[in-house]
Amino acid sequence: MLKKECYRLLIDYFLHNFPVAETELHYTTPFELLVAVVLSAQCTDKRVNMVTPALFERFPTPESLASATFEEVFYYIRSISYPNNKAKHLIGLGQKLVDNFNSEVPSTIDELQTLPGVGRKTANVIVSVIFNQPAMAVDTHVFRVSHRLGLVAKTATTPLAVEKELIKHIPEDLVPKAHHWLILHGRYVCIARSPKCEECKLTHLCKYFSKPPHLRKDSPKL
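The structure presented is a predicted model; accordingly, all values stated were derived computationally and were not measured.

Visitor: Lay out the overall build of the protein in plain terms, naming residues and giving numbers.
Guide: Secondary structure summary: the protein contains 11 helices and zero strands in total. Secondary structure elements of the protein, listed N to C terminal, follow the sequence α-α-α-α-α-α-α-α-α-α-α. Since a compact globule built from 222 residues should have a radius of gyration of about 17 Å, the 19 Å found for the protein is in line with a globular shape. Seen through its C-alpha atoms, the protein measures out along the principal axes to roughly 55 × 30 × 30 Å. Here the protein holds 222 residues, and the buried ones make up 47% of them.

Shown next as structure tokens:
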């Protein structure tokens, strides 16, 4: 099957079966989503959602976070992975938003990446979810699913390479939604170990499934 046809069938499937696809992080403002995404690095959304209600109640604005002490922020996020680094990042992020962006979350990838704790993946999530821009954040789920389905070449061994291939083949208006399709499929069906192929409705497109079980080896890890 040609790659173009594979993308068409994949998009048709998700459009009909999952017309609404959104982040599972809980937030009410762009600032809250930014904080939640920073906390979600190498941590589950479920764990982040357990922590953020109290965190957001105590620090509802960039100003309140900018004036916080390390010890106080650490207390609220201590159950999150890498709490020391993330506490420092959040305080610095609040200060940068206040000092450089009038306490508003910037709308460009380049500006977002100037914030402490914000890399390209996090910046892509923000511009996609908040500003509906055609940005594709490549996390471990997107990376894995893209390779297993054969959406990207085996030579796409970096998040940026995968991002560029996906953007090239997915219609611009669907990129923000496709980001969530791939994440959720990887989180609940195409899981890293023992993928649930018996439940998957995309096996007819899947390069990984088409191989005999003993030959099903993943592409490079993220």
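Visitor: How would you explain unusual backbone geometry if you had to name every residue and give the values?
Guide: Positive phi, close to 55°, is recorded for Asn102, a residue that is not glycine. In this fold, Asn102 is placed in the loop between helix H6 (83–100) and helix H7 (109–112). For Ser103, which is not glycine, the phi dihedral falls at a positive 65°. Following the sequence through the fold, Ser103 ends up in the loop between H6 and H7.

Visitor: So what's going on with the pattern of salt bridges? Residues and values would help.
Guide: Taken as a whole and assessed by the stated rule, the structure comprises seven salt bridges. Here Glu165 makes a salt bridge to Lys3, at a shortest N to O gap of 3.3 Å. With Glu165 in helix H10 (residues 159–169) and Lys3 in helix H1 (residues 3–17), this residue pair connects regions lying 162 residues apart in the sequence. Owing to a relative accessible area of 17%, Glu165 belongs among the buried residues under this scheme. Using a relative accessible area of 30% as the deciding quantity, one classes Lys3 as partly exposed. Two residues, Glu5 and Arg8, come together in a salt bridge whose shortest N-O distance is 2.8 Å. Here Glu5 and its partner Arg8 are both found in helix H1, three residues apart, which amounts to about one turn of the helix. For Glu5, a relative accessible area of 31% gives the class partly exposed.

Visitor: How would you summarise the packing of aromatic side chains if you had to cite specific residues and measurements?
Guide: With the rule as written, the count across this model stands at seven aromatic pairs. Ring geometry for Phe14 and Phe18: centres 6.1 Å apart, planes at 50°, overall tilted. The rings of Tyr13, Phe14, Phe18 and Trp181 are connected pair by pair, giving a single aromatic cluster. In this arrangement the basic side chain of Arg78 is found over the ring face of Tyr75, its NZ or CZ atom lying 4.3 Å from the centre. It is Arg148 that lies over the ring of Tyr208; its NZ or CZ is 4.7 Å from the centre.

Calculation notes
Residues numbered from 1 in each chain as written. Predicted model: local features only at pLDDT ≥ 70, side-chain atom pairs only at ≥ 80, totals over all residues. Heavy atoms only, no water. Helix = DSSP H or I, 4+ residues; strand = E, 2+ residues; numbered from the N terminus. Rg over C-alpha atoms; globule rule 2.2 N^0.38 Å. Buried < 20%, exposed > 50% of the residue type's maximum accessible area, 1.4 Å probe, protein only. Salt bridge = Lys/Arg side-chain N within 4 Å of Asp/Glu carboxyl O. Phe/Tyr/Trp six-rings, centres within 6.5 Å; stacked < 30°, edge-to-face > 60°. Lys NZ or Arg CZ within 6 Å of the ring centre and 35° of its normal.

Without other data, these values stay purely geometric and don't point to any function.
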